[in-house]
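# Coordinate inspection notes
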Amino acid sequence: QVQLVESGGGLVQPGGSLRLSCVASTIAFSTYSMGWYRQAPGKQRELVARITSGAGTNYADSVKGRFTISRDNAKNTVYLQMNSLKPEDTAVYYCNRPPWAPKWPWGQGTQVTVSA
């Protein structure tokens, strides 16, 4: 069973930056597309960014130009660089396979709080 471990969240002021990491325990990591999702209190989980096995990327309109997804296959890790953070980015962030793919068990996520 693949395990996903997210890290890198925290409390940051509006306009600040954070870099999230997600390590996946699968030797076939390089063959999988991956996504970063977030879930704010009282809201459904939403996809914010995804990256293919070939490193093609796609972003939700709400984060385009501010967030960057990347991957390091040698480390089985997918990253989410978040710049120009806004209070509405506050959520628990998770990684997993893209919406059209069977999901691995969700990790614990990492809390991002944007507040002055």
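Cut-off values and rules
- Residues numbered from 1 in each chain as written.
- Predicted model: local features only at pLDDT ≥ 70, side-chain atom pairs only at ≥ 80, totals over all residues.
- Heavy atoms only, no water.
- Helix = DSSP H or I, 4+ residues; strand = E, 2+ residues; numbered from the N terminus.
- Contact = heavy atoms within 4.5 Å.
- Areas by Shrake-Rupley, 256 points an atom, 1.4 Å probe, with all protein chains shown as cover.
- Lys, Arg positive; Asp, Glu negative; His and termini not counted.
- Charge placed at Lys NZ, Arg CZ, Asp CG, Glu CD.
- Pairing = 2+ DSSP bridges.
- Axes fitted to C-alpha atoms, helices over the stretch in contact; angles between N-to-C directions.

## Focus on the overall build of the protein
- Along its length, the protein carries 0 helices and 10 strands.
- Listing the helices and strands of the protein from first to last along the sequence gives β-β-β-β-β-β-β-β-β-β.
- Overall size of the protein, expressed as C-alpha extent along the three principal axes, is 40 × 25 × 25 Å.
- For the protein, long-range pairs separated by at least 24 residues make up 54% of all intrachain contacts whose partners lie at least 6 apart in sequence.
- When the accessible surface of the protein is split by element, carbon and sulfur atoms take 49% of a total near 5,900 Å².
- The positive charge centre, built from 12 side chains, and the negative charge centre, built from 6, are 4 Å apart in the protein.

## Some words on the sheet that holds strand β4 (residues 34-39)
- Taken together, 6 strands build an open sheet; the order of strands is β2-β10-β9-β4-β5-β6 and the sheet is mixed. Strands at the two margins of the open sheet, each flanked by one partner only, are β2 (10-12) and β6 (57-59). Across the sheet, the mean angle from the axis of one strand to that of its neighbour is 25°, orientation sign disregarded.
- Sheet analysis places β2 next to strand β10 (residues 110-114), joined by 3 bridges and oriented parallel. Of the residues in β10, the one forming a bridge with Leu-11 is Thr-113.

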